[in-house]
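Geometric and topological summary
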Amino acid sequence: MKTMSAMKVEFSYLRRQFGQARRGEDPGRFYTDRIIEDIRDFVETADFTLGEKLEEFESKFSELVGVKHSIGVNSGTDALILSLKALGIGPGDEVVTSAETFIATAGAIAATGATPVFVDVNDEFIIDADLIEQAVTERTKALLPVWFTGNAPDMARINEIGTRYSIPVVEDSCCAIDAAIDGRKAGSFGITGTFSFHPLKNLNVWSDGGMITTNSDLMNEKLRLLRNHGLINRDEVAVFGVNSRLDTIQAVVALRMIDDVASITDQRIANAAVLDRAFSELPGCIEVPSRAPNVRHVYHLYMVRAKDRDNLLKHCIENGVEAKVHYPIPLPYQQCCRHLGYKRGDFPKTERDCGSIITFPAHQYLTDEELHYIIDVVRAFYGDNWR
Amino acid sequence: MRNIPYVDLRRQHVPIKDEILRAVGRVIDGAAFILGEEVEKFEQKVAEYCRTKYAVGVNSGTDALFLSLKAYGIGRGDEVITVPNSFLATASSIVAVGAKPVFVDVGDDMNINPDWVERKITRSTRAIIPVHLTGRPVDMDPIMRIARAHNLIVVEDAAQAVGAEYKGRKVGSIGDCGCFSMHPLKTLNACGDAGVITTNDENLRNSLVQLRNIGLKNRDESDTWGYNSRLDAIQAAILTVKLKYLDLWIEQRRSNAKYYIQHLGDVVRVPEDGGDDRPVWHTFVIQTELRDELQGHLELNGIGTRIHYPIAIHLQRAAKSLGYREGDFPVCERQAQTILSLPVYQELTRDELDRVVDTVTSFFNARNRSVSEPRLVAAKAAE
């Protein structure tokens with residue numbers, strides 16, 4: 001394998017989105033100047049905590065997702081923790097979730113004192129709805145399906161199971177802003193939906209940030225109390241809460257971008273389609289998961305399975321393509337899960353994935369040249385094997 | 001005549017706005033929004049300022065307390081001793097780790113009364129959280145003595161007290177760790193929520209760094225459950241700008257407080273000036289039996305005031321399950337009826353201070369024709 005002509009395709013697009021690189025080059029996409037102007041005005045109002053701009057952002061986010069209420073919190077992780085707490089989940093309870101996800105999904109369950117119960121995934125890295133029922137016990141207090149990579153769980157099935165056993169469904173839709181099944185948005189299926197605005201999400205702020213969506217007036221009321229110390233008003237406290245507010249200054253940032261979420265997402269989908277087509281021509285080397293036509297997969301992560309993954313990863317990095325692995329160690333086998341007693345073999349698909357998955361850049365700022373470079377680098381790695 | 005609001009953050013931010021925006025711009029250009037250099041730089045500067053080895057930036061003062069307790073392994077079945085007159089978050093962070101808050105009454109200085117602490121210690125007690133309320137340092141020597149004798153952790157709640165000094169030592173450097181809030185209403189304030197923990201304990205520092213970042217040891221491995229509670233890089237950059245001005249602001253607040261003490265000391269009960277200690281006057285709290293009337297009078301005259309806090313924590317609905325009753329903490333409960341916070345922020349002008357003084361004085365002069373208000377400070381001074 002030869003080293004290819006030097007080009008750098010970064011995984012993070014934040015410099016292009018906000019940094020100097022594209023100034024002048026592509027002013028339409030250049031948000032920073034406008035946001036800084038907004039912040040200049042905002043700083044003078046000093047409306048820093050649970051301010052008007054946050055309310056404005058919450059209501060626009062409700063419109064985007066198609067729900068009654070949105071509650072801004074400090075992070076996607078906190079969106080999960082507070083959702084579970086608002087449902088009264090705590091020590092002794094179990095929450096069923098996916099074995100293949102970011103650590104924070106399970107960390108949120110553990111943070112309430114409850115026990116995460118893992119379920120293996122299907123071929124699309126998504127919780128296998130067929131396996132959920134056998135994980136349900138008398139102690140199960142919530143189902144927590146994950147829209148991992150920006151792809152959809154079978155929400156109809158999962159809601160049906162939840163209804164049958166009277167167990168609420170909380171969506172971990174942190175990766176899935178603007179994702180949908182048959183036009184119905186992620187975050188509108190469960191009792192709550194949870195979102196992250198971490199800088200690498202398709203709607204991103206300049207720090208940690210999160211949001212909870214719900215159609216339930218009761219949950220809305222509880223969550224607003226919980227995120228703000230349980231304060232009913234300045235002086236009276238209904239319940240012990242926490243401090244987990246989305247900074248109003250970050251709502252100012254998000255308001256500049258929320259109208260562009262659909263077009264940002266469309267661009268990622270288009271990029272993913274280009275990669276899908278090219279990789280489908282490498283059977284036996286790259287396995288592209290099937291793509292359900294009724295799902296709007298938003299490709300927070302563009303992930304495929306690859307033969308000889310570790311060497312492919314190394315080859316990509318050496319050639320300037322910043323590929324990644326999300327994630328190399330199955331969550332149930334992390335040291336922090338040791339007390340849960342899982343062992344190798346319990347999650348065959350997750351295990352297979354952890355050894356074979358690779359994530360390529362597919363973000364909205366990739367140029368055609370860069371996309372083709374990614375494809376070329378991958379093709380070169382497999383050489384004649386794919387012909 | 002212009003009103004004097006209780007707080008006026010705009011006056012703080014207008015003169016330093018350009019500097020703040022430059023700092024924000026620097027973060028944007030680097031696009032390093034999560035942890036990274038700006039956070040490390042701020043942490044280092046805070047550690048230097050507080051004279052500790054380490055500082056760890058987190059999402060809020062509440063989380064600073066919560067994560068400190070977590071890092072020391074305090075949880076279910078444990079008891080933590082603190083005061084009932086603090087902001088709610090002191091107690092709720094104890095509840096959040098699963099432990100039980102055990103309250104101790106306060107002294108005249110509104111801080112924990114060390115004399116009452118020892119009898120509250122049980123076999124389940126793991127920690128004491130003294131609160132440097134209003135920015136006045138707690139009498140830490142007896143607290144540390146008791147803690148060491150009983151092998152208890154001391155977590156200083158210094159949320160209101162950045163820069164305060166006890167016998168020449170900065171608060172946050174005396175106990176096992178110190179917890180600070182940089183909420184917009186604090187003297188060192190972010191443009192959003194923010195907090196920091198100071199400590200000399202390397203193990204604690206390492207646990208906190210992991211706990212605040214979802215338990216991650218590195219990008220792929222975690223050996224403990226954690227949380228997402230990171231100080232935003234943008235807020236760190238803003239705070240680094242403001243830290244330069246902190247001592248200036250504190251000195252201005254101290255001078256405002258001194259002015260009030262001089263000119264109101266004969267009229268109403270004012271706090272003591274702190275002697276050799278350095279209180280930083282997050283709030284300036286006077287006490288009077290005619291509190292509600294005085295507050296109304298000031299309001300009518302365009303002067304904003306606040307009560308920190310009118311309902312003690314043990315009497316909140318949220319604390320019901322702890323089983324406390326009215327009368328359990330008489331000093332704290334009495335203060336809740338008499339305390340009133342006057343504006344004391346660094347931007348106040350001499351004219352504004354005079355207006356506050358005159359308005360308070362005129363209220364009592366009118367009253368004193370019929371009612372006699374106890375003049376405790378004057379009496380004390382005469383002793």
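Given the structure is predicted, the values throughout are model-derived calculations rather than measurements. Sequence order sets the numbering: in each chain, residues are counted from 1 along the sequence as written. Here the convention is simple: chains get letters from A, ligands get numbers from 1, in the order in which they are written. Whole-chain, interface and lining totals are the exception, using all residues; otherwise, since this is a predicted model, local features are given only for residues with pLDDT of at least 70 and side-chain atom pairs are given and counted only at 80 or more.

1. Concerning the overall build of chain A
Helix and strand assignments follow DSSP, with helices taken as H or I runs no shorter than four residues and strands as E runs no shorter than two, numbered in order from the N terminus. A count of helices and strands for chain A gives 13 helices and 13 strands. Atoms counted for the radius of gyration: C-alpha only. Globule rule: 2.2 Å times residue count to the power 0.38. The C-alpha atoms of chain A give a radius of gyration of 21 Å, which matches the 21 Å a tight globule of 387 residues would have. C-alpha atoms of chain A, sized along the principal axes, occupy 70 × 55 × 35 Å. Every one of the 387 residues in chain A was classed for burial, and the buried ones make up 55%. Contact criterion: two residues are in contact if their C-beta atoms, reconstructed from the backbone, are within 7 Å. Long-range contacts, defined here as pairs at least 24 residues apart, represent 69% of the contacts in chain A between residues at least 6 apart. To sort residues by burial, count the other C-beta atoms lying within 10 Å of each one's C-beta; a count of 20 or more means buried, 12 or fewer means exposed, and anything in between means partly exposed. C-beta atoms are built from the backbone.

2. Structural notes on helix H5 (residues 89-96) of chain B
The α-helix winds at 3.6 residues per turn, so residues separated by three or four positions along the chain end up facing the same way. Residue and element names in this part refer to chain B. Summarising burial for H5: eight of the eight residues are buried, a large majority. Of the residues making up H5, those classed as buried are Ala89, Thr90, Ala91, Ser92, Ser93, Ile94, Val95 and Ala96. Elements that come into contact with the buried residues of H5 comprise helix H4 (61-71), strand E2 (79-82), strand E3 (100-103) and strand E5 (153-157).

3. Quick word on the domain arrangement of chain B
Residue and element names in this part refer to chain B. Split by domain assignment, chain B resolves into domain 1 (9-243) and domain 2 (246-382). Where each domain begins and ends is defined by an automated method or by a domain database. Inter-centroid distance (C-alpha atoms) of domain 1 to domain 2 is 26 Å. Each side of the interface is counted separately: domain 1 has 31 residues, and domain 2 has 27 residues. Elements represented by at least two residues in the side of domain 1 that touches domain 2 include exactly helix H1 (9-13), E3, strand E6 (165-166) and helix H9 (233-243). A class-by-class count of the residues in the side of domain 1 that touches domain 2 yields 15 nonpolar, nine polar and seven charged. Amino acids are sorted into nonpolar (Ala, Val, Leu, Ile, Met, Phe, Trp, Tyr, Cys and Pro), charged (Asp, Glu, Lys and Arg) and polar (every other residue, Gly among them).

4. Notes on the domain arrangement of chain A
All names here are of chain A. Annotation of chain A at the domain level lists domain 1 (14-23 + 260-386) and domain 2 (33-259). Each side of the interface is counted separately: domain 1 has 29 residues, and domain 2 has 32 residues. For the side of domain 1 that touches domain 2, the secondary-structure elements that each account for two or more residues are helix H10 (261-280), strand E11 (295-296) and helix H12 (348-356). Broken down by element, the residue count for the side of domain 1 that touches domain 2 peaks at five residues, all from H10. Taken together, the residues of the side of domain 1 that touches domain 2 sort by class into 17 nonpolar, seven polar and five charged.

5. Considering the sheet that holds strand E5 (residues 170-172) of chain A
In sheet architecture, strand pairing relies on hydrogen bonds along the backbone and comes in two forms, parallel and antiparallel. All names here are of chain A. Any two strands are treated as partners once DSSP identifies two or more bridges connecting them. Read across the open sheet, the four strands follow the order E1-E9-E8-E5; overall the sheet is mixed. Looking at which strands have only one partner, the edges of the open sheet turn out to be strand E1 (69-73) and E5. On average, adjacent strands in this sheet sit at an angle of 20 degrees to one another, irrespective of strand direction. The sheet contact formed by E1 and strand E9 (residues 210-214) spans five bridges and is antiparallel. Opposite His69, over in E9, you have Thr214 as the bridge partner. Fitted lines through C-alpha atoms serve as axes, helices being fitted only where they are in contact, and the angles separating the N-to-C directions of these axes extend from 0 to 180 degrees.

6. What to know about the pairing of strand E8 (residues 192-196) of chain A
Residues and elements named next belong to chain A. Burial runs high along E8: five of the five residues are buried. Residues Thr192, Thr194 and Ser196 of E8 are buried on one face, and the alternating residues Gly193 and Phe195, pointing to the opposite face, are buried as well. Of the strand pairs in this sheet, E5 and E8 are connected by three bridges, and their pairing is parallel. Within the sheet, the bridge partner assigned to Asp172 lies in E8 and is Thr194. For E8 and E9, the ladder comprises four bridges, and the chain directions are antiparallel. Each residue of the ladder has a partner; that of Gly193, found in E9, is Thr213.

7. Notes on the sheet that holds strand E1 (residues 54-58) of chain B
Residues and elements named next belong to chain B. Taking strand neighbours across the sheet as the criterion, the seven strands line up as E1-E9-E8-E5-E4-E2-E3 in an open arrangement whose pairing is mixed. What marks the edges here is a single partner per strand, and that holds for E1 and E3. The average angle at which neighbouring strand axes cross in this sheet is 25 degrees, direction not considered. Pairing analysis gives three bridges linking E2 to strand E4 (residues 125-128), with the strands arranged parallel. Bridging across to E4, Glu79 finds its partner in Thr125. Its contacts with the sheet put helix H8 (residues 202-211) on E1, strand E8 (177-181) and strand E9 (195-199), and the angle it makes with E1 is roughly 20 degrees.

8. Thoughts on the nonpolar core
Grouped together as the largest cluster of nonpolar side chains are 243 residues, with contacts concentrated most on Leu84 of chain A together with Leu69, Ala127, Val196 and Ile197 of chain B. For this core, the element with the most residues is helix H5 (residues 103-111) of chain A, which contributes seven residues. With near-sequence residues (within four places) excluded, Val196 of chain B lies in contact with Val46, Ala55, Val56, Gly57, Val58, Ala64, Phe180, Met182 and Leu231 of chain B. Buried Ala, Val, Leu, Ile, Met, Phe, Trp, Tyr and Cys residues form a nonpolar core when they are connected through C-beta atoms within 7 Å.

9. As for the interface of chain B and chain A
At the junction of the two partners, chain B supplies 50 residues and chain A supplies 49 residues. Among the secondary structure elements, those contributing two or more residues to the side of chain B that touches chain A are H1, helix H2 (17-30), H4, H5 and H9 of chain B. It is H2 of chain B that provides the largest number of residues to the side of chain B that touches chain A, a total of seven residues.

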